[in-house]
Amino acid sequence: MMHFLLLFSRQGKLRLQKWFTPIPEREKKKIVRDMTTMVLGRKPRSCNFLHWKDLKIVYKKYASLYFCCGLDAEENELLALEVLHRYVELLDKYFGNVCELDIIFNFEKAYFILDEFLLGGEVQETSKQVVSRSIEASDMLQEVSERPRSR
Amino acid sequence: MPAVSKGDGMRGLAVFISDIRNCKSKEAEIKRINKELANIRSKFKGDKALDGYSKKKYVCKLLFIFLLGHDIDFGHMEAVNLLSSNKYTEKQIGYLFISVLVNSNSDLISLINNAIKNDLSSRNPTFMNLALHCIANVGSREMAEAFAAEVPRILVAGDTMDSVKQSAALCLLRLNRTSPDLVPMGEWTTRVVHLLNDQHLGVVTAATSLITTLAQKSPEDFKTSVSLAVARLSRIVSSASTDLQDYTYYFVAAPWLSVKLLRLLQCYPPPEDGAIRGRLTECLETILNKAQEPPKSKKVQHSNAKNAVLFEAISLIIHHDSEPTLLVRACNQLGQFLQHRETNLRYLALESMCTLASSEFSHEAVKTHIETVINALKSERDVSVRQRAVDLLYAMCDRSNAKQIVAEMLSYLETADYSIREEIVLKVAILAEKYAVDYTWYVDTILNLIRFAGDYVSDEVWYRVIQIVINRDEVQGYAAKTVFEALQAPACHENLVKVGGYILGEFGNLIAGDSRSSPLIQFDLLHSKFHLCSVPTRALLLSAYIKFINLFPEVKGTIQEVLRSDSQLRNADVELQQRAVEYLRLSCIASTDILATVLEEMPPFPERESSILAKLKRKKGPGNLHLDLDENRKERSVNGGTADHSSTTSNAKAPMPPQASAVPVLRSAGPLFQVFASPTTSTDLLGLGSTIATQNSAPPASKGASLLVDVFSGNTAAFPVETPVAVGPVADENFSRFVCKNNGVLYENQLLQIGLKSEFRQNLGRMYVFFGNKTSTQFMNFAASVVCQDALQAQLNVHAKPADPTVDGGAQLQQILNIECVSDFVDAPVLNIQFRYGGTLQNIAVKLPITLNKFFQPTEMTSLDFFQRWKQLGAPQQEVQNIFKARHSMDIEVTKAKIMGFGAALLDGVDPNPFNFVGAGVIHTKTTQVGCLLRLEPNTQAQMYRLTLRTSRGTVSQRLCDLLSEQF
């Protein structure tokens, strides 16, 4: 299973954090620190996999953002790379050419999309259409209920 | 400004985020946040009821602040309120807040559970999904208790929507992982297995994850999943890439589902049914064939997905380890990847081949790639890839290629990254020993290791080379000659001096015939290094010198001269001083015969498993699969994700503690066993001194010690003993009773009784000492003081408040001691009491039971936390283990009370074995806090215990282990 998924910028600013196992806050901060220093310190064109404690770390850079996840030892690294990619695609589809600012200003949406895709550290739905459809459906629900407010 | 505002825009939130982003400094950011928090707090507290939108907006702001890394201590109630909103968007934000800020605040949990319950029964799939996501995200025990029955029902109900089924499957998986005891198998299990046949691939994908985890825990219950999984896999593998519509990912048919099915099959042995087995083999062949087809797309996503399935298939082939043709094909495929231009594939191929190397069918095939792997070691730019190459070389090594591989690893060591040097050293040491045909090669290899990477050669490695040289006559002369030559280098590593000192001390005579290495030259050479070495090495060299006196009477004078010098006899280090004093006396008074007996050559060591191997296993990188593959495999199939912690359990059954073999020189049967004792055991020598001088109740003298006593009998007077407190014996009979309790009688004689009452909090303590006058006469000039000796001075502050100088007959005097623990410590302070009774001066010295464990604060933690931390504290120096015989009856309640009295929290239900005890706590000192985990494994049949301590500090582990071992 996946233990955590982190999105951070080149400057090490954390943009999204998702923890799939209960970890105390202090420990989380330490993990974030370790991950950013480790991943940001890698030379370009290095391989995308690392060992860290008992976990496999898989990371990939998209534009200015690093996507980084920690996996159990028996997980498939290549497929984890594609999990990251699929998440980027889903964000892209929703925001239309997603950029770091979209994730900063609409962080709650980024979490909602992630919840439709991954649950409990496992892939829940791999079809882009199905995930997008359910996100859109909930957006529709929002708009319907928001309309009378006319804000 | 927001780039996009889809759905509902919360303008206030966007403005706030912009403000934060515009802050120039951390201080400005904090200021802005505090302003916002004050605003939100006033809104929440205000008289005016907030509408749903505002509540949502503020909760969302709080969430943002929390995610920035600031603490949030309010707003939970408002978030819970949002859960029961009938507006989807408000509910959604409420759930997000709850999921991120998990808080096991009990009154809120019941409210949250209530809201979830309502949504689960709403029959609105969107709401149901939100509720299930929340359960899966939080996954707390309270939630498991509330919903463990409901979720399976939703999962298998006929009318549940597909998307809800998916959420329910993974939600159940999460609950099963966190609280397996609350999720019992039931009649739903068979129906879950049949989800593998579901039409909706999304449902199958989610269900396969669930089934795999359940099957790892109880394989019998889910056996039927094998045939279903094979059938499903076969359909996917043989489908055209367009058949599966959106489940085709960059021209690869359902890669996620394929990988999950292949993983599920790895929970089981090869299918027994011939038809199913044939079908599976066909699938695997098809996957291997596809790897040879030209790619359908140039995109990296295509090749990643395709190869992900391929690697998983190879894992299954290796797991089954039964089809030679498949294994060899897998090996060839990986061989191609070794030279692939994608770094990721080279990395994975190296990793995967490590496991292949241990299969008898493919070992030879793996070996054919040796040149490529060596080349990878030399040319890969990425250190993590080079590390895999080292692992693979280690795994593929056998007698036929050992010399080549060891030579390559040695030459790589000179330029290797610092992060992996120690591991390479261990690996080289193991391979050199395992495949040594002649031991001269072995000796050369180890000396080269010290030469190239002396700092990374751990004690285990040089202990081991000495064990081997001692045990093998044929190599002793060569070893002596080689170390002698190596020591000629003007700058040599201290580890080389240790090995050199030991070997020349034992076998220097074998090369003494050559005038170039005459006894005097040997001695001068060793002594030229003496002043540059640390205390433990100097201690070892002193022992080598006394051995020289026995081997070469002609240098006796020279050596005695050295021992007699002030820098030895009055050395500030008590251990060195003691050795110098004792050895000098020994060489003066003992006859040649006695000298020859005492200083006889070390007897062979019992053949044991190499302690280096144990150390490497403890490091337990993936590269070690080669050595304990079978063990690992068993664990993987039975216990799945928990393999690591079950391996600690299985280690626990090993008959010998790894540490026991670590010190090559500690042989209780050997004469003068302490002469070469390693520094950690050298305190025995000190203890021996005080035994003679004070006839105290020291630990029972061992065989070796008693021999020394014989040597010195009649000479005790001449035997100089350094006792800093010159008041007589220090009483410590009751000392160990106080390790697990704080109150009681510490000391009693005809005149005086000393009672104690103490309390400790964090790094501070207070001790009330009660001096009871048992006579009817007044004690005059009464004075009690506390002395911290040597190192203890800096580690522990004990301040005694002055007390009355007289104690009336039958009366009791109270004295208060304030205690502060500065850093971790071993020795105990001594309480010196002086008083005049009937004209005679009485001196009493008692060891005060202030022990490191007094500064424990218990820590409660879950099983998961415990084993996570346990693994994090896996470095060899952090763990100390002791196996010992029970001295008291093995009563469970008594043991529990002792562990709690020791100060640790006793953690129930953490260890998979209910008879074991585990505890956790933090040692507080002024300078640092040290987290401690302990585990006690009783063996009632053998009447033995095994105690393991893991802390972030080796010295703490050692001390706590010593203290607690005494108690059972």
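Residues numbered from 1 in each chain as written. Chains lettered and ligands numbered in written order. Predicted model: local features only at pLDDT ≥ 70, side-chain atom pairs only at ≥ 80, totals over all residues. Heavy atoms only, no water.

1. So, the overall build of chain A
Spelled out, the test is: Helix and strand labels come from DSSP, where a helix needs a run of H or I of at least four residues and a strand needs a run of E of at least two; each type is numbered from the N terminus. The rule is simple: take the accessible area with a 1.4 Å probe, protein chains only, and divide by the maximum for that residue type; under 20% is buried, over 50% is exposed, in between is partly exposed. In this description, contact between two residues means that some pair of their heavy atoms is separated by no more than 4.5 Å. The method behind every accessible area is Shrake-Rupley, applied with a 1.4 Å probe, and residues are considered shielded solely by the protein chains displayed.
Helix and strand content of chain A: five helices and seven strands. Taken from N to C terminus, the helices and strands of chain A fall in the order β-β-α-β-β-β-α-α-α-β-β-α. Looking at chain A residue by residue over its 151 residues, the buried ones come to 64%. Look at the contacts in chain A between residues 6 or more apart in sequence, and 48% of them connect residues 24 or more apart. Total accessible area on chain A stands at roughly 5900 Å², and carbon and sulfur atoms take up 53% of it.

2. Overview of the overall build of chain B
A count of helical and extended segments in chain B gives 42 helices and 17 strands. Burial status across chain B gives 56% buried among its 968 residues. Relative to all contacts within chain B whose residues are 6 or more apart in sequence, the contacts with residues 24 or more apart total 69%. Per element, the accessible surface of chain B, about 40800 Å² overall, is 51% carbon and sulfur.

3. Some points on the pairing of strand E6 (residues 764-773) of chain B
Residue and element names in this part refer to chain B. The line we're drawing: Whether two strands pair comes down to DSSP finding at least two bridges between them.
The buried fraction of E6 amounts to seven of the 10 residues, a majority that puts the element mostly inside the structure. Pairing geometry for strand E5 (residues 752-761) and E6, over 10 bridges, is antiparallel. The residue bridging Lys757 from the neighbouring strand is Tyr768, located in E6. Hairpin connection, E5 to E6: the antiparallel pair is bridged by two residues, and Gln762 has positive phi, about 50 degrees.

4. Examining the nonpolar core
What counts, and what does not: Only buried residues count toward a nonpolar core. Its members are Ala, Val, Leu, Ile, Met, Phe, Trp, Tyr and Cys residues joined through side-chain atoms within 4.5 Å.
Formed by 275 residues in total, the largest nonpolar core has its most connected members in Tyr87(A) and Ile116(B). For this core, the element with the highest residue contribution is helix H2 (residues 77-95) of chain A, accounting for 12 residues. Among all residues touching Tyr87(A), those that are not within four sequence positions of it are Leu5(A), Leu7(A), Leu16(A), Phe67(A), Ala110(A), Ile113(A), Leu114(A) and Phe117(A). Cys740(B), Leu756(B), Phe782(B) and Ala784(B) belong to the second-largest nonpolar core, a separate cluster that totals 60 residues.

5. What to know about the interface of chain B and chain A
Cut-off, in case you're wondering: Buried area is understood as the total, over both parts, of accessible area removed when two parts are fitted together, assessed with a 1.4 Å probe. The rule for a salt bridge is simple: a side-chain nitrogen of Lys or Arg has to be within 4 Å of a carboxyl oxygen of Asp or Glu. Polar contacts, as used here, are pairs of N or O atoms within 3.5 Å; protein pairs need one atom able to donate a hydrogen and one able to accept it. Residues neighboring in sequence count only if both atoms are side-chain atoms. Under the convention adopted here, Pro, Cys and the residues Ala, Val, Leu, Ile, Met, Phe, Trp and Tyr are nonpolar, Asp, Glu, Lys and Arg are charged, and Gly plus all remaining residues are polar.
Facing the 81 residues of chain B at the interface are 70 residues of chain A. Summed over both sides, the interface between chain B and chain A buries roughly 6800 Å², with carbon and sulfur atoms accounting for 55% of that surface. Summed over the shared surface of chain B and chain A, the number is five salt bridges. The partner of Lys260(B) in a salt bridge is Glu122(A), with the nearest N and O atoms 3.8 Å apart. The interface formed by chain B and chain A includes 29 residue pairs in polar contact (both at pLDDT 80 or more). Split by residue class, the side of chain B that touches chain A holds 38 nonpolar, 23 polar and 20 charged.

6. Examining the state of the cysteines
All names here are of chain B. So the rule is basically this: By disulfide we mean two sulfur atoms from cysteines, separated by a distance within 2.5 Å.
Tallied over the full model, the rule gives zero disulfides over all chains. Its sulfur unpaired, Cys134 is 9.2 Å from the next cysteine sulfur, which belongs to Cys171. Of the residues examined, Cys134 reaches a relative accessible area of 1% and is grouped as buried.

7. A look at the packing of aromatic side chains
All names here are of chain B. So the rule is basically this: Classification of ring pairs rests on two measures: the distance between centres of Phe, Tyr or Trp rings, Trp counted by its six-membered ring, which must be within 6.5 Å, and the angle between planes, read as stacked under 30 degrees, edge-to-face over 60 and tilted in between. Criterion for a charge above a ring: Lys NZ or Arg CZ within 6 Å of the ring centre, and within 35 degrees of the ring normal.
Counted according to the given criterion, the structure contains 31 aromatic pairs over all chains. Measuring from centroid to centroid gives 6.1 Å for Tyr439 and Tyr442, while their planes differ by 75 degrees, and the two rings are edge-to-face. A residue pair is termed a helical-turn pair when its members lie 3 or 4 positions apart in one helix, as Tyr439 and Tyr442 do in helix H24 (residues 439-453) at three residues. Look at Phe866 and Trp870: their rings are 5.6 Å apart centre to centre, the planes differ by 20 degrees, and that puts the pair in the stacked class. Taken together, the residues span about one helical turn, with Phe866 and Trp870 both in helix H40 (residues 863-872) at a distance of four residues. For Phe866, a relative accessible area of 0% corresponds to the buried category. Taking relative accessible area as the criterion, Trp870 reaches 3% and is therefore assigned buried. We note Lys91 situated over the ring of Phe127; from NZ or CZ to the ring centre the distance is 4.6 Å. Lying over the aromatic face of Phe738, Lys741 brings its terminal NZ or CZ to 5.8 Å of the ring centre.

8. Details of the sheet that holds E6(B)
All names here are of chain B. Applicable threshold: Lines are fitted to the C-alpha atoms to define the axes, a helix being fitted only along its stretch in contact, and any angle between axes, read from their N-to-C directions, falls within 0 to 180 degrees.
Across the sheet, which stays open at both edges, the five strands sit in the order E4-E5-E6-E9-E8 with antiparallel pairing between neighbours. One side of each edge strand has no neighbouring strand; the edge strands of this open sheet are strand E4 (744-748) and strand E8 (796-800). Averaged over all neighbouring strand pairs, the angle between strand axes comes to 25 degrees, with direction disregarded. As paired elements, E8 and strand E9 (residues 812-821) share five bridges and run antiparallel to each other.

9. Quick notes on the confidence of the model for chain B
All names here are of chain B. Cut-off, in case you're wondering: By definition, pLDDT measures how confident the predictor is in each residue, and it falls between 0 and 100.
Averaged over every residue, the pLDDT of chain B is 83; the share at 70 or more is 87%. The lowest-confidence element of chain B is helix H37 (residues 683-694), averaging 30 in pLDDT; the highest-confidence one is helix H14 (residues 255-265), averaging 96. This model gives residues 1-7 a pLDDT under 50, and the stretch forms 14 contacts once residues within four places in sequence are excluded. A low-confidence stretch, residues 621-727 stays under pLDDT 50, and its non-local contacts, those more than four residues away or across chains, total 169 contacts.

10. Section: helix H42 (residues 954-965) of chain B
Residues and elements named next belong to chain B. To keep it simple, the criterion reads: Expected helix span is computed as 1.5 Å times (number of residues minus one).
With 12 residues, H42 extends 16 Å between its outermost C-alpha atoms, agreeing within 8% with the 16 Å of an ideal straight helix rising 1.5 Å per residue. Among the residues of H42, Val956, Ser957, Arg959, Leu960, Cys961, Leu963, Leu964 and Ser965 are the ones counted as buried. Elements in contact with the buried residues of H42: strand E12 (856-858), strand E13 (879-885), helix H41 (892-902), strand E15 (917-924), strand E16 (929-939) and strand E17 (944-951).

11. Some details on the packing of helix H1 (residues 11-22) of chain B against helix H3 (residues 52-67) of chain B
All names here are of chain B. Filter applied, for reference: Just so you know how the angles are binned, under 35 degrees is roughly parallel, over 145 roughly antiparallel, 65 to 115 roughly perpendicular, and the rest oblique. In this scheme, a crossing is called left-handed if the near helix is turned counterclockwise away from the far one by less than a right angle; it is called right-handed if the turn is clockwise.
Contact geometry of H1 with H3 gives a least axis separation of 9 Å together with a crossing angle of 25 degrees. What the angle tells us is that H1 and H3 run roughly parallel. Seen from above, H1 lies across H3 with right-handed handedness. Counting all contacts with H1, which are made through Arg11, Gly12, Leu13, Phe16, Ile17 and Ile20, the residues of H3 involved are Tyr53, Lys57, Cys60, Lys61, Phe64 and Ile65. Of the residues in the contact of H1 with H3, the class split is eight nonpolar, one polar and three charged.

12. Overview of helix H30 (residues 556-564) of chain B
All names here are of chain B. The cut-off we apply is this: By arc we mean the arc of the directions from the helix axis to the C-beta atoms, nothing more.
When we look at burial in H30, the residues that qualify are Ile559, Gln560, Val562 and Leu563. When H30 is viewed along its axis, its buried side chains cluster within an angular range of 160 degrees and face the same direction. Buried residues in H30 make contact with helix H28 (519-530), helix H29 (535-551), helix H31 (566-569) and helix H32 (574-589).

13. Quick notes on a negative patch on the surface
Residues and elements named next belong to chain B. Test applied: Patch membership requires over 30% relative accessible area and the absence of a salt bridge. Like charges are linked within 9 Å, and nonpolar side chains (Val, Leu, Ile, Met, Phe, Trp, Tyr) within 5 Å. None of His or the chain ends enter the tally, which takes Lys and Arg as positive and Asp and Glu as negative. To locate a charge, the coordinates of NZ of Lys, CZ of Arg, CG of Asp or CD of Glu are taken.
Together, Asp473, Glu474, Glu600 and Glu601 line one region of the surface with negative charge. Positionally, Asp473 belongs in helix H26 (residues 473-487). Overall, Asp473 belongs to the exposed group, its relative accessible area being 60%.

14. Details of the pattern of salt bridges
Tallied over the entire structure, the rule returns 48 salt bridges over all chains. Across the pair Lys871(B) and Asp54(A) runs a salt bridge whose closest N-O atoms are separated by 3.7 Å. You can see Lys871(B) sitting in helix H40 and its partner Asp54(A) sitting in the loop between strand E3 (49-52) and strand E4 (55-62), one on each of two chains. The class for Asp54(A) is partly exposed, based on a relative accessible area of 33%. Each member of the salt-bridge network shares a partner with another, and the members are Glu351(B), Arg388(B), Asp391(B), Glu423(B) and Lys427(B).

15. Some points on the packing of H29(B) against H30(B)
Residue and element names in this part refer to chain B. Remark: H29 packs on H30, axes separated minimally by 9 Å, with the N-to-C direction vectors making an angle of 150 degrees. As the angle between them shows, H29 and H30 are arranged roughly antiparallel. As for how H29 packs across H30, the hand of that crossing is left-handed. Residue-level contacts link Leu542, Tyr545, Phe548 and Ile549 of H29 to Lys556, Ile559, Gln560 and Leu563 of H30. Its residues assigned to classes, the contact of H29 with H30 shows six nonpolar, one polar and one charged.

16. A short note on the environment of Ala803(B)
Residue and element names in this part refer to chain B. If you trace the backbone, Ala803 turns up in the loop between E8 and E9. In this structure Ala803 comes out as partly exposed when scored by relative accessible area, which is 31%. Ala803 sits 21 residues away from Phe782 along the chain, and the two C-alpha atoms are 8.4 Å apart. Filtering out sequence-adjacent residues up to four positions away, Ala803 remains in contact with Leu813, Gln814 and Gln815.

17. Quick word on the sheet that holds strand E2 (residues 14-19) of chain A
Residue and element names in this part refer to chain A. Sheet architecture is open: five strands sit in the order E2-E1-E5-E4-E3, paired in antiparallel fashion. This sheet does not close on itself; its edge strands, each paired only once, are E2 and E3. For this sheet the average axis-to-axis angle between neighbouring strands, irrespective of direction, equals 20 degrees. With seven bridges joining them, strand E1 (residues 2-9) and strand E5 (residues 65-71) adopt antiparallel strand pairing. Residue pairing in the sheet places Leu5 in a bridge with Cys69 of E5. Along the sheet, helix H1 (residues 25-40) makes contact with E1, E2, E3, E4 and E5, crossing E1 at roughly 60 degrees.

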